[in-house]
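# A structural walkthrough
Letter by letter, the chains look like this.
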Amino acid sequence: MSGSIVFLGDGLTAAGRWEEWLPTFEVQNLGVGGDTTDEAIARLDSVASMEPDAVVLLIGTNDLGWRRSDEYVVRNIETILVTLRKRLPHTRLLVQSVLPREREFATTIRSINRHLRQFAPTQHAQYLDLWPAMAEPDGELSAAFTNDRLHVNDEGYAAWVVELGPALETLFLHAPTTTAIPIQHA
């Protein structure tokens, strides 16, 4: 399995050693520490210019730090997916669930992830639910995977890659689909 993958996201993505963990792929890590969904939208021209075989997206947790609503985060991630599908019709898209963090955000993150799981197929994007592998029963990021309840440590990245590997295999098994269902935003 090979191909070019752009990882788009925030500091959780930026800190990943994706090139090392996914050596059969040509990886570009466009994760930026502190990025919100707004900043990710602003960088979509850079992603599109690379014309990768796949885009792997994880974004949204920093929006919560700015107290943005689940609706705001979902709308922006929908915008990212619609824009990528339109600009890169032959590119495979994988949207990952927003990772758990401090338990006070669990309800909002669950809501975001429920919406993303439902929306991703409308843009012929695959959805990877990292929540079962990464969350405690109360919705907090597993203590084994973090030192600060937000950022992921080496054990957390190892658990993430265990989930990501099979998702990428599935993603690359099928030819990318070029027709998306248009979504009208009010």
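So, a few notes on the structure that sits alongside this text.

What follows deals with the overall build of the chain. Check the secondary structure of the chain and you find nine helices and five strands. Starting at the N terminus and ending at the C terminus, the chain contains elements arranged as β-α-α-β-α-α-β-α-α-β-α-β-α-α. Against the compact-globule benchmark of 16 Å for 186 residues, the chain has a radius of gyration of 15 Å, which places it among compact chains. In the chain, buried positions account for 54% of the 186 residues.

So, on to the packing of aromatic side chains. One pass over the structure, following the stated rule, counts seven aromatic pairs. Ring geometry for Phe25 and Phe172: centres 5.2 Å apart, planes at 45°, overall tilted. In this pair, Phe25 is assigned in strand β2 (residues 25–31) and Phe172 in helix α9 (residues 154–173), connecting sequence segments 147 residues apart. We classify Phe25 as buried; its relative accessible area is 8%. Note on Phe172: relative accessible area 14%, which makes it buried. Here a set of aromatic residues connected by ring pairs shows up, and it is made of Phe7, Trp18, Trp21, Tyr157 and Trp160.

Our next topic: α9. In this model α9 runs 28 Å from its N-terminal to its C-terminal C-alpha over 20 residues, within 8% of the 28 Å that 1.5 Å per residue would give. Turning to α9, its buried residues number three or more, namely Gly156, Tyr157, Ala159, Trp160, Val161, Leu164, Gly165, Ala167, Leu168, Leu171 and Phe172. Here α9 starts with a cap whose side-chain oxygen sits 3.1 Å from the backbone nitrogen of Glu155, and that cap is Asn153.

Further remarks concern the pattern of salt bridges. For side chains of opposite charge, pairing can occur when their charged atoms come near one another. A full pass over the atoms with the stated rule returns 10 salt bridges. Salt-bridge contacts for Arg101 lead to Glu102; the nearest nitrogen and oxygen are separated by 2.7 Å. For the pair shown, Arg101 and Glu102 are each scored as buried. Salt-bridge contacts for Arg103 lead to Glu140; the nearest nitrogen and oxygen are separated by 3.5 Å. On the criterion of sequence distance, the pair formed by Arg103 in the loop between β4 (92–96) and α7 (106–119) and Glu140 in the loop between α8 (131–134) and α9 is long-range, its members being 37 residues apart. Linked by salt bridges that have partners in common, Arg103, Asp138, Glu140 and Arg149 make up one network.

Rules and cut-offs
Residues numbered from 1 in each chain as written. Predicted model: local features only at pLDDT ≥ 70, side-chain atom pairs only at ≥ 80, totals over all residues. Heavy atoms only, no water. Helix = DSSP H or I, 4+ residues; strand = E, 2+ residues; numbered from the N terminus. Rg over C-alpha atoms; globule rule 2.2 N^0.38 Å. Buried < 20%, exposed > 50% of the residue type's maximum accessible area, 1.4 Å probe, protein only. Phe/Tyr/Trp six-rings, centres within 6.5 Å; stacked < 30°, edge-to-face > 60°. Expected span 1.5 Å × (residues − 1). Polar contact = N/O pair within 3.5 Å; in protein donor to acceptor, adjacent residues only side chain to side chain. Salt bridge = Lys/Arg side-chain N within 4 Å of Asp/Glu carboxyl O.

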